[in-house]
Amino acid sequence: MGSHAMKRKLTENWKRVLGRIEEACGRAGRNPSNVTLVAVTKYASLDIIRTLVDMGVTHIGESRVQELTKRAASINEWLSRRARDINAGAKPRPNWHMVGHLQRNKVKAVLPWVDLIHSVDSLRLAEEIDAQAAKIGRVIPVLLEINAAGEVSKQGVAVAAATHLAEQVGSLPHIKLRGLMAMAPLTDDESIIRSAFGRVRELFDEIVGERLCGPDFGDLSLGMSNDFEYGIEAGATYVRIGSSLFQGIELAPEPAQT
Ligand SMILES: *Cc1c(COP(=O)(O)O)cnc(C)c1O
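Nothing here was measured: the structure is a model prediction, and the numbers come from that model.

A. Spatial organisation of the site of the ligand. The immediate surroundings of the ligand are formed by Val40, Lys42, Ser63, Val99, Met183, Met224, Ser225, Arg240, Ile241, Gly242 and Ser243. At a separation of 2.9 Å, a nitrogen atom of the ligand approaches a polar side-chain atom of Arg240. Between an oxygen atom of the ligand and a main-chain N or O atom of Ser243, the distance comes to 2.8 Å. Starting from 390 Å² of accessible surface for the ligand in isolation, the protein chains cover 90%. Of the residues that constitute the shell around the ligand, the class distribution is 5 nonpolar, 4 polar and 2 charged.

B. Broad picture of the environment of Thr237. Note that Thr237 resides in the loop between α8 (228-233) and β9 (238-241). For Thr237, a relative accessible area of 13% translates into the label buried. Spatially, the C-alpha atoms of Thr237 and Asn34 are 5.8 Å apart, while their sequence positions differ by 203 residues. Among all residues touching Thr237, those that are not within four sequence positions of it are Arg30, Asn34, Val35, Thr36, Gly218, Asp219 and Leu220.

C. Local environment of the packing of helix α2 (residues 46-54) against helix α3 (residues 65-83). Interhelical geometry of α2 versus α3 gives an angle of 50° and a closest axis separation of 11 Å. Between α2 and α3, the interaxial angle falls into the category oblique. α3 is crossed by α2, and the crossing has right-handed handedness. Contacts between α2 and α3 involve Leu46, Ile49, Arg50, Val53 and Asp54 on the former and, on the latter, Arg71, Ser74, Ile75, Trp78, Leu79 and Arg82.

Conventions and cut-offs
Residue numbers restart at each chain and count upward from 1, following the sequence in its written direction. The predicted nature of this model means local features are confined to residues of pLDDT at least 70 and side-chain atom pairs, given and counted, to a pLDDT of 80 or more, with totals for whole chains, interfaces and linings taken over all residues. Note that water and hydrogens are dropped before the side-chain values are worked out from all heavy atoms of the structure. Residues are labelled near a given molecule or strand when at least one of their non-hydrogen atoms is within 4 Å of it. Any N or O atom pair separated by 3.5 Å or less is treated as a polar contact, with the protein-specific requirement of one donor-capable and one acceptor-capable atom, and with residues adjacent in sequence counted only for side-chain atom pairs. For the area figures, the Shrake-Rupley method with a 1.4 Å probe applies, and any residue is considered shielded solely by the protein chains shown. The nonpolar class holds Ala, Val, Leu, Ile, Met, Phe, Trp, Tyr, Cys and Pro. Asp, Glu, Lys and Arg form the charged class, and all remaining residues, Gly among them, are polar. What counts as a helix is a DSSP run of H or I of at least four residues, what counts as a strand is a run of E of at least two, and both are numbered from the N terminus. Only protein chains enter the calculation, and the probe is 1.4 Å; a residue is then buried if its accessible area is under 20% of its type maximum, exposed if over 50%, and partly exposed in between. Whether two residues are in contact is decided by their heavy atoms, any of which lying within 4.5 Å being enough. Here, axes are lines fitted to C-alpha atoms. For helices the fit covers the stretch in contact, and angles between N-to-C directions go from 0 to 180 degrees. To sort the angles, those under 35 degrees are grouped as roughly parallel, those over 145 as roughly antiparallel, those from 65 to 115 as roughly perpendicular, and the leftovers as oblique. Each crossing gets its hand from how the near helix is turned against the far one by less than a right angle, where anticlockwise is left-handed and clockwise is right-handed.

Bear in mind that shape data such as this cannot, by itself, settle questions of function.
If you want it as structure tokens, here you go:
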């Protein structure tokens with residue numbers, strides 16, 4: 001596939017997804033400007049990411065630390081080179097979202113590059129982020145990942161333990177707790193997905209209502225390609241979308257597990 005054909009397809013997919021976000025917002029009585037589309041590029045090549053940035057996409061998500069750091073470094077370098085070329089036109093540096101499970105021994109590597117970590121699910125992980133962030137003089141925005149489905153194998157903090165963890169994480173000086181994230185249960189049954197997202201929304205409202213966290217607590221990251229409409233219904237301010245954006249585009253093989 002040539003680069004023009006790829007860009008055309010990517011633009012078409014992007015517009016289609018934005019259209020679906022607008023429709024879902026319309027049904028939910030919400031303003032689409034309060035929903036940020038994060039392009040999850042874990043299956044895509046660097047070439048595709050450059051094309052997204054060229055299209056003006058400013059929120060990019062990765063699920064593995066090694067990929068995120070490598071790609072963020074490479075995109076930054078590409079943007080600096082481009083900024084020196086008067087014919088190329090400047091593009092904003094994208095925000096990088098860590099959406100996958102984060103191991104404590106990878107925290108140090110990801111912090112210089114990441115703009116929002118969606119997947120904090122334990123105090124030990126939060127404390128490591130806080131300690132490493134202090135060393136580089138940053139305050140790192142994070143979301144708490146909730147195990148909304150109650151599935152044993154899933155990551156995320158149990159619903160019953162979430163408010164307590166939110167208070168603890170919210171009090172760390174080098175972390176800014178911005179809200180909650182959850183993955184839908186693996187099912188096609190929309191009532192199960194809706195009730196899982198609804199539970200996360202209730203938890204969010206409880207934390208806000210009881211003022212357990214500060215004024216920065218205001219985000220919900222809910223929904224992927226197959227379920228983002230339900231996420232928007234439940235109040236998502238971030239939807240994390242991969243495969244719907246890359247339909248009809250040849251993708252690089254999935255990166256090796258780290
Ligand atoms: C891969 C991934 C996504 C995007 O999933 P799609 O179904 O491809 O849209 C979103 N969130 C997380 C945490 C992911 O790992």
